[in-house]
Structure formats: C-alpha cells, structure tokens
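The lines below spell out each chain.
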Amino acid sequence: LSVCFRMVEPLEYYRRFLKENCRPDGRELGEFRATTVNIGKSRRSITTADGSALVKFGNTTVICGVKAELAAPTIDSANKGYIVPNVDLPSLCSTRFRSGPPGEEAQAASQFIADVIENSQIIAKEDLCIADGKLAWVLYCDIICLDYDGNILDASAFALLAALKNVQLPSVTINEETGLPEVNLKQKNPLIIRKHPVATSFAIFDDTLLIVDPTAEEEDLATGTVTVVTDDEDRLCSVHKPGGSPLTGAKLQDCITRAITRHKEVKKLIDKVIKSINSK
C-alpha cells in the first residue's frame, strides 16, 4: 500500500515522514548520507589525470579528473594561469538527462563550480604562472556524474577539492637561449591549496522546513533549494539560491551554522584519506 501511495501522492507521503522529523530513507532532517572519497590513483579514480578523486553521497557518485596543460597567459592577466571547470551529467547517470550538448542543469552546475573557485580563492591564479607574460598552467577540471541521486553541487565541489589536493605538477623552466619551456617530470610539486571551500545544500519543504543533502526525489518535491559555501575560517564564500521559496534571515543563518559544521566533517575526511595515501 505504501508503495502505491508513494507513487500516487509522493508529496503527501513525504509529509507524513517529515511530521515525525524523519525521511523515508531513515535519515533525520539534518542528517547527511554516508559520504566516501577516494583520492588519486586508486582503483576507482582516473590514472591518466594529473589529479583525481571519486566522491559518493549515498547513491550520488561523482568523479573529478584534473588535467594540467601549458599555455600563454592573456595580456590583461599576464601573471595568472587558468582554471577551467566543466560538470558533465551524461545520460548514463540518470534517465532525467539526455545525450547531446550539456543541458540546463549541467550548465548551472558548471557555473556554480566556477563561482566557487572564484569566490573562495581555492587557488591563487598567480600560483599557476611560470613566467610572466610567457607561460602558465591551465587546469582543466572535468567533473563527471556516474550515478545521479540528488545534491550534485555538494558532490561536485567536494570532488573538485579532493582532486586538486591530489595534483602534482612537474617543474617547468624556460630555457634562456631557446626561449622554450623545459619540463622536469622527475621533480613534481603539489598545488598550493589556499582555501578549502565546502558546499552544503538544503531542500526547502512547504516553504518552511529545511532538509539537508536532498536526494533527487526530495529535490523534485521541494519548494526550493539553497546551497551555502563556507571555507576554513568559517567564512561565507557564497549562497546559491536558484528561485523557489524565499528564506528568512533566521533560516539562512541556520543553514550557515550547519554548513560550518559540515565543513569540518568534510575537511577531516579529506585529511584522513590523504594521510592514509601518504603513509603507504
């Protein structure tokens, strides 16, 4: 009976759970799904990338690969490199997506990640410059969803951060006689990660109720969503709110407080995984 009820009246089905302060998957309203991260050349990541990570939030699975290439900086940013993110939501990850050019949701996710990079100053673009006006690194950050079950923004931001922390760039110098770059693959250096931005998303039910880390079904039934991005110093980097129910100042403050707590959990998880890799 409950399966039929869920299919015919999904919102009413959810409301019955929410009244009891829980959700159909057994989580409390403020509880995140089990979160795992694999970093680097483990069996689940991309061995051809300069840095990679795989992140899972429940069933939502995202992989990020970072490829570094050399290029000339632009004239107006002669001392800066580039970071080029792209979020791909292929048809294989969910029936809601079609093959072909990126859809609206993929474009919005790519823009969100670009904003996170810019607003948080995760990497100073000056750090990617090798020789002013001559040579700089370009980091192509490809984020691909393998299995979609909601909360793509949090998973993408997490995968990006974990992959960037895994990048090792070879030492590059410019030969003064020839003016050509010389790459030393034996000497590699990690990227300087200046900030650790973490995204925390909420679905808003019936204009008032906040639930954290929504599934795809919860996102579909919600009256709005909001994503809060914080950094190491509990600083608010950005608030992403694509329409939907308005939020009171008190509710937004509640989201920020929860996001700060979540930031500490995510940072701890990344540090633990990196420590285990380094000790091998």
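Scope of this entry: the structure provided in the associated data block.

Thresholds applied
- Residues numbered from 1 in each chain as written.
- Predicted model: local features only at pLDDT ≥ 70, side-chain atom pairs only at ≥ 80, totals over all residues.
- Heavy atoms only, no water.
- Helix = DSSP H or I, 4+ residues; strand = E, 2+ residues; numbered from the N terminus.
- Contact = heavy atoms within 4.5 Å.
- Axes fitted to C-alpha atoms, helices over the stretch in contact; angles between N-to-C directions.
- Parallel < 35°, antiparallel > 145°, perpendicular 65-115°, else oblique.
- Left-handed = near helix turned anticlockwise from the far one by under 90°.
- Nonpolar A, V, L, I, M, F, W, Y, C, P; charged D, E, K, R; others polar.
- 1 Å grid on protein atoms, 1.4 Å probe; cavity = no way out; pocket = protein on both sides within 12 Å on 5 of 7 lines; lining within 4 Å.
- Points joined across faces, edges and corners; volume = space filled by probe spheres on them.

**Details of the environment of D147**
Position of D147 among the secondary structure elements: in strand β6 (residues 135-147). Sequence spacing of D147 and S120 is 27 residues, and the spatial spacing of their C-alpha atoms is 27 Å. With residues near it in sequence (within four places) discarded, D147 still touches N59, T60, T61 and C93.

**Here we look at the packing of helix α3 (residues 104-120) against helix α4 (residues 152-164)**
In a pair of packed helices, the angle between the axes and the distance between the axes together describe the arrangement. Viewed as axis vectors pointing N to C, α3 and α4 meet at an angle of 45°, and their least axial separation amounts to 10 Å. On the basis of the axis angle, α3 is oblique to α4. Relative to α4, the crossing made by α3 is right-handed. In this structure, α3 contributes E105, A109, F112, I113 and I117 to the contact, and α4 contributes I152, L153, S156, A157 and L160. Along the lines of polarity and charge, the residues of the contact of α3 with α4 split into eight nonpolar, one polar and one charged.

**As for the layout of surface pockets**
Taken as a whole, the largest pocket holds about 440 Å³ of empty space. Taken together, 22 residues make up the lining of the largest pocket; nearest its centre are E105, L153, E219, T225 and P242. Among the elements of the structure, α3, α4, β9 (198-205), α5 (216-221) and β11 (224-230) are those that each provide at least two residues to the lining of the largest pocket. A total of five residues in the lining of the largest pocket trace back to one element, the largest contributor, which is α3. Residues that form the lining of the largest pocket fall into these classes: ten nonpolar, seven polar and five charged. A volume near 230 Å³ is recorded for the second largest pocket. For the lining of the second largest pocket, the element with the highest residue contribution is strand β7 (residues 168-174), accounting for four residues. Residue composition of the lining of the second largest pocket, grouped by class: ten nonpolar, two polar and one charged.

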